[in-house]
Amino acid sequence: MAEKSIRTAIGEAMRAEMRRDNNVILIGEDVAGGQGCEGELDAYGGVLGISKGLIQEFGADRIIDTPISEMGYMGMAVGAAASGLRPIAELMFSDFYGCCWDMLYNQAAKFRYMFGGKAVTPLTVRTMIGAGASASAQHSQSPYHVFTSLPGMKCVVPSNAYDAKGLLIQAIQDDDPVIFCEHKALYDLPLAASEVPDESYTVPFGEANFVREGEDVTIVALGLMVHLAAGAADELAKQGIGCDVIDPRTTSPLDEEAILESVQNTGRLIVVDESSARCGFAHDIAALVASQAFDCLKAPIKLVTPPHTPVPFSSPLEQAWIPSGERVAAAVLEVTMGLDAKTAMDTVMAAKSAAA
Amino acid sequence: MAEKSIRTAIGEAMRAEMRRDNNVILIGEDVAGGQGCEGELDAYGGVLGISKGLIQEFGADRIIDTPISEMGYMGMAVGAAASGLRPIAELMFSDFYGCCWDMLYNQAAKFRYMFGGKAVTPLTVRTMIGAGASASAQHSQSPYHVFTSLPGMKCVVPSNAYDAKGLLIQAIQDDDPVIFCEHKALYDLPLAASEVPDESYTVPFGEANFVREGEDVTIVALGLMVHLAAGAADELAKQGIGCDVIDPRTTSPLDEEAILESVQNTGRLIVVDESSARCGFAHDIAALVASQAFDCLKAPIKLVTPPHTPVPFSSPLEQAWIPSGERVAAAVLEVTMGLDAKTAMDTVMAAKSAAA
Amino acid sequence: MSLTKEQLLDYYRKMRNIREFEETIHRENTTGEIPGFLHLYCGEEANAVGVCAHLSDDDYIASNHRGHGHCVAKGSDPRLMVMELYGRAEGLCGGKGGSMHIADLDRGSLGANGIVGAGAPLATGAALTQKVKGRDNVSVCFFGDGASNEGYVFEAMNLAVILKLPVIFYCENNGVGEGTGVDYAVGADSIADRAAAFGMPAKKIDGTDFFSVYDAMEEVVAHCRAGNGPYFVEAETVRFYGHFEGDPQKYRLKEEIDNAKLHRDCLKKFRSRVIEEGLATTEEFDSIDSDLVAAYKGYVAEAKQAAWPRPEALTEDVYITY
Amino acid sequence: MSLTKEQLLDYYRKMRNIREFEETIHRENTTGEIPGFLHLYCGEEANAVGVCAHLSDDDYIASNHRGHGHCVAKGSDPRLMVMELYGRAEGLCGGKGGSMHIADLDRGSLGANGIVGAGAPLATGAALTQKVKGRDNVSVCFFGDGASNEGYVFEAMNLAVILKLPVIFYCENNGVGEGTGVDYAVGADSIADRAAAFGMPAKKIDGTDFFSVYDAMEEVVAHCRAGNGPYFVEAETVRFYGHFEGDPQKYRLKEEIDNAKLHRDCLKKFRSRVIEEGLATTEEFDSIDSDLVAAYKGYVAEAKQAAWPRPEALTEDVYITY
Ligand SMILES: Cc1ncc(C[n+]2csc(CCOP(=O)(O)OP(=O)(O)O)c2C)c(N)n1
Ligand SMILES: Cc1ncc(C[n+]2csc(CCOP(=O)(O)OP(=O)(O)O)c2C)c(N)n1
Ligand SMILES: [Mg+2]
Ligand SMILES: [Mg+2]
């Protein structure tokens with residue numbers, strides 16, 4: 001079994017499913033590339049090369065490059081899903097969801113309910129999320145809190161290659177519509193690479209992964225944030241503070257039990273979340289715990305989120321925008337040692353410079 | 001000063017602002033009605049007749065009926081706002097936001113930040129929210145949690161006529177983009193009617209209204225929910241339980257202080273919210289309190305929201321979908337008397353049938 | 001006329017079925033027992049029936065807010081549709097959809113739709129399914145003159161052309177979208193002209209005449225089944241009632257409506273032509289009419305008594321697994 | 001030729017300014033010091049300059065992801081634009097926007113835009129402002145062949161026609177959108193043909209020839225200023241570099257690019273025609289070139305040393321009041 005990147009894992013998942021089932025197709029802008037051009041077909045294979053090679057194997061009937069018409073092609077994917085195919089629709093950047101949202105919001109996600117349980121809409125939307133690439137305000141967002149709030153839609157935010165492959169295969173085989181959010185900083189992040197079997201396998205939805213285990217604090221984190229949280233937990237472990245780092249993997253369905261049980265042990269909760277400073281995924285988890293596990297709580301719940309601003313371009317600002325390992329560690333010190341915010345952050349920074 | 005409905009109050013606000021400032025225009029589908037027809041112009045005045053009469057006074061240059069092209073006309077309104085007008089754009093049902101969202105999400109709300117503080121985009125979007133009219137899954141939603149989560153956008157959810165007029169005038173005069181959410185069940189609800197001055201006035205953003213005052217529980221509620229909460233509070237007052245009922249009026253900016261101060265007094269929080277069962281406005285408030293006022297909390301935070309389902313059509317199902325006064329009262333009994341959920345609801349229902 | 005008597009009476013029965021459906025709802029709605037928004041199809045029946053006459057259960061349609069007629073024409077059971085309008089458990093969608101969301105996947109109906117123009121991409125998707133599966137089935141999107149201004153309708157048209165999909169964009173131009181006239185809302189001289197500019201053949205037909213619709217669609221459906229790509233049809237038609245039930249229709253002149261009912265009623269036109277040509281008798285038509293009147297009386301009576309959905313239905317069928 | 005020598009050299013300087021901007025970025029980007037996505041306008045300069053030659057600061061433009069050229073042509077300070085690309089505090093947008101969001105409201109620029117096609121509704125809105133305020137200013141939306149398939153571009157065109165707004169839809173057809181050719185993505189024979197179907201006059205011009213652009217736009221802008229409604233222009237042009245910096249461009253043949261640079265370079269074409277007609281000399285052109293080379297060396301050196309935004313800038317300018 002080889003160490004593979006998330007990029008590779010996602011490509012493998014698509015290929016495996018397309019081989020298994022002729023109804024699986026891929027739709028999106030430049031998912032092959034080169035259509036209507038004089039040069040090579042499959043010139044892109046998706047803007048990040050993830051679907052490279054698929055058109056060679058499966059042909060242009062199943063690997064469908066579209067004009068730049070998000071609402072049109074997303075709706076086409078939804079209609080295809082409701083009539084017997086199992087499409088993967090790629091929305092290049094999740095930031096573009098405002099150009100096609102109705103087809104997911106009012107159509108795909110609601111068919112089954114509105115139609116009295118008779119529709120089956122096995123659509124998978126693959127889309128890129130995340131800040132950190134200097135891609136600025138319209139190419140760096142992570143609106144999975146919006147996707148999570150939509151009944152009828154499932155939402156996946158993988159953090160490592162093994163999960164990414166298994167969750168994507170599950171998404172494609174799943175009979176409900178799913179949005180699969182790929183953090184652009186994870187594709188080639190060594191930390192996110194993992195041993196990935198060449199064969200097919202699924203990772204079930206709604207089952208959290210315990211990335212680290214500890215007694216003192218529960219940290220819930222998704223996607224890229226998992227690695228920040230795990231890094232902070234490792235540092236804190238050296239200081240004798242134990243963190244349960246929980247990666248829910250899917251935000252909807254959500255493994256509420258794993259989170260509640262962990263908080264029952266630790267009595268403390270921190271949520272690290274890139275989605276939003278208001279009405280975000282972090283707030284959802286905080287509310288879950290404050291309503292269902294209140295009696296176990298020994299300290300305020302801490303949210304480590306971006307500020308309530310668009311994603312800035314300039315690198316120092318963008319780095320300050322993204323939740324950091326330091327902010328996670330400081331939050332842990334606040335809730336375990338009762339430090340105030342400033343003292344906690346000073347302590348973390350001091351430890352960091354001592355280590356360096 | 002006369003008792004007026006929200007419907008009247010909103011009409012008055014638009015008229016007053018259009019008289020005051022020639023740059024104020026109204027854009028939307030059938031905001032007049034009758035364009036291109038053989039019958040009367042101004043045949044609708046908005047599908048609910050709210051803008052009736054405006055085209056007579058301000059002409060077709062300022063009261064602009066559009067084709068059914070939400071992204072196009074919303075973008076037109078945004079471009080007009082950024083270049084010197086002060087448009088009111090009507091999105092008939094907020095459920096249609098998925099047909100025009102990019103123009104608010106990536107454009108209007110981000111201009112000022114992306115452009116380094118140099119843009120001014122004084123856009124007001126008026127839109128209908130809310131279940132209860134048997135309007136089914138695509139005409140009954142309240143996605144203000146999504147609007148609230150968008151940095152750069154302000155979001156208003158008025159609950160009564162006085163506020164509606166003052167807040168809408170503030171929205172139009174405000175230099176930032178604002179989404180103004182009108183609950184369709186409130187337009188003619190007698191409880192939402194109030195004394196409304198004929199003159200112009202503003203209600204400032206970010207200042208909550210204390211609808212009821214009490215010592216035992218803080219109830220945060222918006223829009224239609226305010227009236228359910230107030231009704232429940234009145235019933236509970238008879239039983240000696242005092243509720244602070246707080247109507248934030250604007251979700252962004254949010255009067256955090258009012259909520260935190262109240263919880264400091266009561267030690268208990270209930271949020272009544274129609275927006276969403278996941279990542280909603282209720283979760284935002286719960287997270288605020290669980291992180292900022294944890295030490296005062298004496299009981300679990302309770303969220304009274306709809307279930308995680310689309311809005312059903314059939315009346316009994318729809319009535320069960322909408323948060324009810326009984327659910328609010330039961331939640332209060334849970335957190336004040338420590339009753340379990342079932343006993344609390346049984347107690348409320350028993351009291352209700354005793355009263356009837 | 002190439003149609004047999006049986007066919008003729010059958011198509012008449014379908015159109016009359018829709019008419020009776022809508023007239024019944026129009027009447028019953030005044031009692032306040034039918035909840036929600038209602039958009040009636042009266043006057044436009046020739047379109048739904050003339051189109052669906054050429055479709056099987058394996059062909060798909062995507063309808064719009066004014067969907068009762070399309071659903072009946074595509075073969076959905078009107079009894080269950082009436083149940084649905086009353087929000088009852090036995091309704092076609094279990095009472096959870098209502099007028100604007102009546103769908104019937106088994107009959108190839110992707111449903112009515114509350115989002116104007118949304119059916120265009122959806123029907124294009126169903127056509128993609130046919131192409132990928134190598135079948136000769138087609139799909140039809142019904143949409144209005146108002147919907148013809150939605151950007152995603154154009155996107156769907158362009159997609160259908162470049163992917164050569166068997167989808168028919170059937171525009172029911174009744175001259176008005178809510179209270180806005182087509183002459184105001186459409187910048188081009190004609191909606192059908194737009195199709196040509198997306199590289200798609202188009203026809204403009206009389207949507208108040210069943211035979212005009214039937215004949216045109218025979219050719220159009222054959223074109224699509226043969227793998228020649230999409231087709232656009234603009235049908236000029238009329239709406240007898242308001243945009244929604246309760247609409248005072250001030251934007252229209254009373255004479256306009258009266259005139260339409262008198263001279264452009266697709267049912268009257270059908271009857272008189274068929275009778276004139278001696279292919280069926282007034283009595284035969286009348287007996288169809290009275291059968292339907294009786295049937296709908298029954299549907300309504302039954303629906304009013306029928307059970308509501310179980311409370312648990314509220315949270316069922318959001319997901320298949322969760 | 002009706003242009004004066006001064007005008008000619010001025011327009012050349014503007015085009016050359018854009019070229020030098022892009023070549024500088026292309027070169028400097030290889031050092032890894034310029035963050036983010038970069039879409040260069042090299043080869044298309046005649047369009048931005050030929051269009052903006054007819055505009056004042058009170059006319060608006062809305063640009064797209066390939067916006068540097070439009071911004072320079074509309075009068076934004078390239079020094080501050082370079083600063084912006086390096087993310088510095090002094091940048092035109094305080095370093096908070098970057099390449100895809102350079103805007104300059106004081107110069108009538110509604111900004112580059114990362115959302116393909118978004119400029120069309122925005123520019124239509126700026127035209128509405130002109131109409132409501134009773135001015136004779138116009139607005140121009142620059143967009144690509146790829147963007148011409150976005151539904152909201154059609155919606156904007158229709159709106160502009162029915163409201164008779166002074167907006168010019170200027171389509172820079174460089175034959176490709178990312179890696180997808182226009183012949184595949186556009187179902188119609190020609191993009192310009194679509195305009196006609198929305199009731200808008202259209203012209204198809206050579207976007208590699210400054211004079212073709214300049215002359216066409218003289219007429220088009222006059223048409224719009226005179227209150228005759230919108231206009232559509234399709235300019236055939238070429239993109240010298242990849243879609244974004246780093247794009248290996250496998251979808252194109254090397255000969256295609258070489259050929260474009262050799263025979264369709266708007267700068268070369270401009271120089272040789274002007275020199276041929278004896279209206280300016282090689283030396284005059286060369287001296288403009290070397291001035292600009294020196295200027296950009298300075299901009300880059302300065303930008304690399306310039307201060308980063310203050311940390312507080314992170315949360316500033318989200319709202320005007322909050
Ligand atoms: C996206 C969207 N915008 C607006 C509406 C409100 N609306 C419902 S029907 C309608 C008019 C549709 O006109 P047309 O397409 O001509 O169909 P007709 O009603 O004439 O059959 C409008 C504006 C909607 N339901 N969805
Ligand atoms: C709504 C949206 N969809 C897709 C993209 C990704 N994207 C950026 S530029 C581009 C191609 C645009 O092509 P064209 O309009 O021809 O402009 P060109 O790059 O050729 O100048 C695409 C697909 C985007 N930024 N926004
Ligand atoms: Mg119509
Ligand atoms: Mg292009």
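All residue numbers here refer to positions counted from 1 along the written sequence of the relevant chain. Each chain is given a letter, starting from A, and each ligand a number, starting from 1, according to the order in which they appear as written. Since the coordinates come from a predicted model, pLDDT governs what is reported: local features require at least 70, and pairs of side-chain atoms require 80 or more to be given and counted, while whole-chain, interface and lining totals use all residues. Hydrogens and waters are ignored; side-chain quantities use all the structure's heavy atoms.

**Q** Is there a simple way to explain the site of ligand 1 in this structure?
**A** If you check the shell around ligand 1, you find 23 residues, and the closest are E70 of chain B together with H65, R66, G114 and G146 of chain C. Here, proximity means that at least one heavy atom of the residue falls within 4 Å of the molecule or strand. In this structure, ligand 1 sits where chains B and C come together, each supplying nearby residues. Nitrogen and oxygen atoms within 3.5 Å of one another constitute a polar contact, given that in protein one can donate a hydrogen and the other can accept it, and given that sequence-neighbouring residues count only through two side-chain atoms. Measuring from an oxygen atom of ligand 1, one finds a side-chain N or O atom of H65 of chain C at 2.7 Å. Measuring from an oxygen atom of ligand 1, one finds a backbone N or O atom of G146 of chain C at 2.8 Å. Every accessible area reported is derived by Shrake-Rupley at a probe size of 1.4 Å, with residue values counting cover from the shown protein chains alone. Relative to its free-state accessible area of 580 Å², ligand 1 is covered by the protein chains to the extent of 98%. Residue polarity is assigned by list, with Asp, Glu, Lys and Arg as charged and Ala, Val, Leu, Ile, Met, Phe, Trp, Tyr, Cys and Pro as nonpolar; anything else, Gly included, falls into the polar class. For the shell around ligand 1, the residue count by class is nine nonpolar, eight polar and six charged.

**Q** Explain helix α13 (residues 341-355) of chain B here, please?
**A** An α-helix turns once every 3.6 residues. As a result, residues three or four positions apart point the same way. In a regular helix each residue adds 1.5 Å, so 15 residues correspond to 21 Å; α13 of chain B covers 21 Å between its end C-alpha atoms and thus fits that length. Secondary structure elements follow DSSP: runs of H or I of four or more residues count as helices, runs of E of two or more count as strands, with numbering from the N terminus. The distance from a side-chain oxygen at the start of α13 of chain B to the backbone nitrogen of K342 of chain B is 3.0 Å, and the residue carrying that oxygen is D340 of chain B. Any helix carries an expected span of 1.5 Å times its number of residues minus one.

**Q** I'm lost on the environment of E334 of chain A in this one. Help?
**A** Residue and element names in this part refer to chain A. Of note, E334 is situated in helix α12 (residues 325-337). The classification of residues rests on relative accessible area computed with a 1.4 Å probe and restricted to protein chains. Under 20% of the type maximum is buried, over 50% is exposed, and intermediate values are partly exposed. Overall, E334 belongs to the buried group, its relative accessible area being 17%. Expressed as a C-alpha distance, the spacing of E334 and P300, which sit 34 residues apart in the sequence, is 9.0 Å.

**Q** Before we go on, may I ask you to explain the sheet that holds strand β2 (residues 139-144) of chain C in this structure?
**A** What holds strands together in a sheet is hydrogen bonding between their backbones, with the strands either parallel or antiparallel. Residue and element names in this part refer to chain C. Taken together, five strands build an open sheet; the order of strands is β1-β2-β3-β7-β6 and the sheet is parallel. Strands with a single pairing partner mark the edges of an open sheet, and in this sheet they are β1 (60-62) and β6 (202-206). If you compare each strand with its neighbour and ignore which way they point, the axes differ by 20° on average. Being paired, for any two strands, means DSSP has found at least two bridges between them. Taken together, the six bridges between β2 and strand β3 (residues 167-173) define a ladder with parallel strand orientation. In the strand pairing of β3, S139 is matched with V167. For helices, the fitted axis covers only the stretch in contact; all axes are lines through C-alpha atoms, and the angles between them, taken along N-to-C directions, range from 0 to 180 degrees.

**Q** So what exactly am I meant to see when it comes to the interface of chain D and chain B here?
**A** Interfaces are often described in size by the accessible area the parts lose on coming together. Counting residues at the interface gives 40 residues for chain D and 48 residues for chain B. Accessible area, probed at 1.4 Å, shrinks when two parts are joined; the buried area is that loss added up over both. Summed over both sides, the interface of chain D with chain B buries roughly 3,500 Å², with 66% coming from carbon and sulfur. Counted as salt bridges are all cases of a side-chain nitrogen of Lys or Arg within 4 Å of a carboxyl oxygen of Asp or Glu. Applying the counting criterion to the chain D and chain B interface returns two salt bridges. A salt bridge links R112 of chain B to D317 of chain D; the nearest nitrogen and oxygen atoms lie 3.9 Å apart. Counting across the interface, chain D meets chain B through 18 residue pairs in polar contact (both at pLDDT 80 or more). Residue assignment for the side of chain D that touches chain B shows that the elements contributing at least two residues are α5 (119-133) and α6 (151-162) of chain D. When residues of the side of chain D that touches chain B are assigned to their parent elements, the largest contribution, ten residues, is made by α5 of chain D. Any pair of residues with heavy atoms lying within 4.5 Å of one another is described as a contacting pair.

**Q** Quick question: what am I supposed to make of the domain arrangement of chain A here?
**A** Residue and element names in this part refer to chain A. Domain limits in this description derive from either an automatic procedure or a database domain assignment. We note that the domain assignment places domain 1 (3-195) and domain 2 (209-355) within chain A. Distance from the C-alpha centre of domain 1 to the C-alpha centre of domain 2: 28 Å. Listed by partner, the interface residues are 29 residues for domain 1 and 28 residues for domain 2. For the domain 1 and domain 2 pair, buried surface summed over both sides reaches about 2,100 Å², with 57% attributable to carbon and sulfur atoms. Taken together, domain 1 and domain 2 are joined by one salt bridge. With a closest N to O distance of 3.0 Å, D163 and R249 form a salt bridge. Taken together, domain 1 and domain 2 are joined by 15 residue pairs in polar contact (both at pLDDT 80 or more).

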